[in-house]
Amino acid sequence: MDLILIIIGALLMIVGIFGSFLPVLPGVPVSWIGLLVLHLAPSIPMNYWLLGVTLVIAILIYALNLVIPAIGTKRFGGSKAGMIGATIGLVVGLIAPIPFGVLIGPFVGAFIGEIINKSDSKSALKAAFGSFIGFLASSFMEFIIAFGFLILFLYKLWEYRNLVFPIDSFN
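Thresholds, definitions, all that
- Here, residues in each chain are numbered from 1, in the same order as that chain's written sequence.
- Local features in a predicted model are, by the rule used here, given only for residues with pLDDT of at least 70; side-chain atom pairs are given and counted only at 80 or more, and totals for whole chains, interfaces and linings are based on all residues.
- Water and hydrogen atoms play no part in the side-chain values, which are based on all heavy atoms of the structure.
- To obtain each axis, a line is fitted to C-alpha atoms, and for helices this fit is confined to the stretch in contact; angles are then taken between N-to-C directions over 0 to 180 degrees.
- Per the convention used, a helix needs a DSSP run of H or I reaching at least four residues, while a strand needs a run of E reaching at least two, with both numbered from the N terminus.
- With respect to orientation, any angle under 35 degrees is reported as roughly parallel, any angle over 145 as roughly antiparallel, any angle of 65 to 115 as roughly perpendicular, and every other angle as oblique.
- Crossing handedness: left-handed means the near helix sits turned counterclockwise from the far one by under a right angle, and right-handed means the same turn made clockwise.
- What makes two residues a contact is simply this: any of their non-hydrogen atoms within 4.5 Å.
- For every residue, the pLDDT score states the predictor's confidence, bounded by 0 at the bottom and 100 at the top.
- Stacked, tilted and edge-to-face are the three classes applied to pairs of Phe, Tyr and Trp rings, where Trp contributes its six-membered ring and a pair requires centres within 6.5 Å; stacked means planes under 30 degrees apart, edge-to-face means over 60, and tilted covers the rest.
- Partly exposed describes any residue whose relative accessible area lies between the buried limit of under 20% and the exposed limit of over 50%, with all areas from a 1.4 Å probe on protein chains only and scaled to the type maximum.
- In this analysis the charged atom, NZ for Lys or CZ for Arg, is taken to sit over a ring once it is within 6 Å of the ring centre and within 35 degrees of the ring normal.
- Within this scheme, the nonpolar core is defined by two criteria: the residues are buried Ala, Val, Leu, Ile, Met, Phe, Trp, Tyr or Cys, and they are joined through side-chain atoms within 4.5 Å.
- We count a salt bridge whenever a side-chain nitrogen from Lys or Arg sits within 4 Å of a carboxyl oxygen from Asp or Glu.
- Charge assignment in this entry is limited to Lys and Arg as positive and Asp and Glu as negative, and neither His nor the chain termini are counted.

### So, the packing of helix α2 (residues 27–40) against helix α3 (residues 48–75)
Then comes step 1: For the pair α2 and α3, interaxial distance at closest approach is 9 Å and the crossing angle is 165°. In terms of axis orientation, α2 runs roughly antiparallel to α3. In the crossing of α2 with α3, the sense of the turn from one axis to the other is left-handed. Each of Val28, Pro29, Trp32, Leu35, Leu36 and His39 in α2 lies in contact with α3, whose residues at this interface are Leu50, Leu51, Thr54, Leu55, Ala58, Ile61 and Tyr62.

Structure representation (structure tokens):
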């Protein structure tokens, strides 16, 4: 049972790392579920403080991940149309079979949204750049936290390695 839960937790941690770059997957919350699954293993004691603090961090980072690209667009002079365009561009960038669509989509979407909003091309380009910077900042932040959760996962696994993988059972 321990081994199955550890494997599921490890897979969730890996999916969480990938989810920090792919906006379709909520990277940090998935990584947190990996930590939770690890603590559900019978050999690893439940640490409610650790799980509670990491849950608060996961919720905070998830909320910031949704807000930061819009803040980037707004900070660089974008309008609501630019923010909506960046979101639509992100979805199209995920679906379209073009290289780096996840990066190009929000930029082009914000630009088109600003042009539709009757902005000149210079201000539309500036808002699109803000959307791109916001997207990169939020992805980087989410990656750092998801990687930190992975380190915590591996630390806990190492700390209780003798209980999870008893050496005597191999003889």
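From this point, the discussion proceeds with the structure in view.
### Topic: the confidence of the model for the chain
Then comes step 1: For the chain, per-residue confidence averages 84 on the pLDDT scale, and residues scoring 70 or more make up 97% of the total.
Then comes step 2: Across the chain, element-level confidence peaks in α2 with a mean pLDDT of 93 and bottoms out in helix α7 (residues 161–164) with 78.

### What about the packing of aromatic side chains?
Then comes step 1: Counted according to the given criterion, the structure contains two aromatic pairs.
Then comes step 2: Taken together, a centroid distance of 5.7 Å and an interplanar angle of 80° make the contact between Phe76 and Phe129 edge-to-face. Of this pair, Phe76 sits in the loop between α3 and α4 (80–95) while Phe129 sits in helix α6 (residues 121–159), placing them 53 residues apart in sequence.
Then comes step 3: Seen from their ring centres, Phe143 and Phe147 are 6.0 Å apart, and the 25° between their planes marks the pair as stacked. Residue Phe143 and its partner Phe147 are located together in helix α6, separated by four residues, close to a single helical turn.
Then comes step 4: According to the relative accessible area criterion, Phe147 is partly exposed, its value standing at 40%.
Then comes step 5: It is Arg161 that lies over the ring of Trp158; its NZ or CZ is 4.1 Å from the centre.

### Here we look at the nonpolar core
A general feature of soluble globular proteins is that nonpolar side chains tend to end up buried together.
Then comes step 1: If you look at the biggest cluster of nonpolar residues, it comprises 21 residues, and the most contacted ones within it are Leu35, Leu38, Ile44, Phe149, Phe153 and Leu157.
Then comes step 2: At the level of elements, α1 (2–19), α2, α3 and α6 are the ones that each hand at least two residues to this core.
Then comes step 3: For Ile44, the contacting residues outside a window of four places in its chain are Leu38, His39, Leu157, Tyr160 and Val164.

### Here's the deal with the pattern of salt bridges
Then comes step 1: Evaluated as defined, the whole model comprises one salt bridge.
Then comes step 2: The salt bridge involving Lys156 is made with Glu159; its shortest N-O contact spans 3.2 Å. With Lys156 and Glu159 both in helix α6, this residue pair falls three residues apart, about one helical turn.
Then comes step 3: Under the relative-accessibility criterion, Lys156 is labelled buried at 9%.

### Observations regarding the environment of Met141
Then comes step 1: The topology assignment puts Met141 in helix α6.
Then comes step 2: Sequence separation of Met141 and Ile68 is 73 residues, and the distance between their C-alpha atoms is 10 Å.
Then comes step 3: Met141 has contacts with Ile61, Leu64, Asn65 and Ile68, leaving out every residue within four places of it along the chain.

### Quick notes on the side chain of Asp2
Then comes step 1: Checked against the element boundaries, Asp2 lands in helix α1.
Then comes step 2: In this structure Asp2 is buried but unpaired, with Arg161 as the nearest side chain of opposite charge at 14 Å.
Then comes step 3: With residues up to four places along the chain from it excluded, the contact list for Asp2 reads Ala41, Pro42, Ser43 and Val164.

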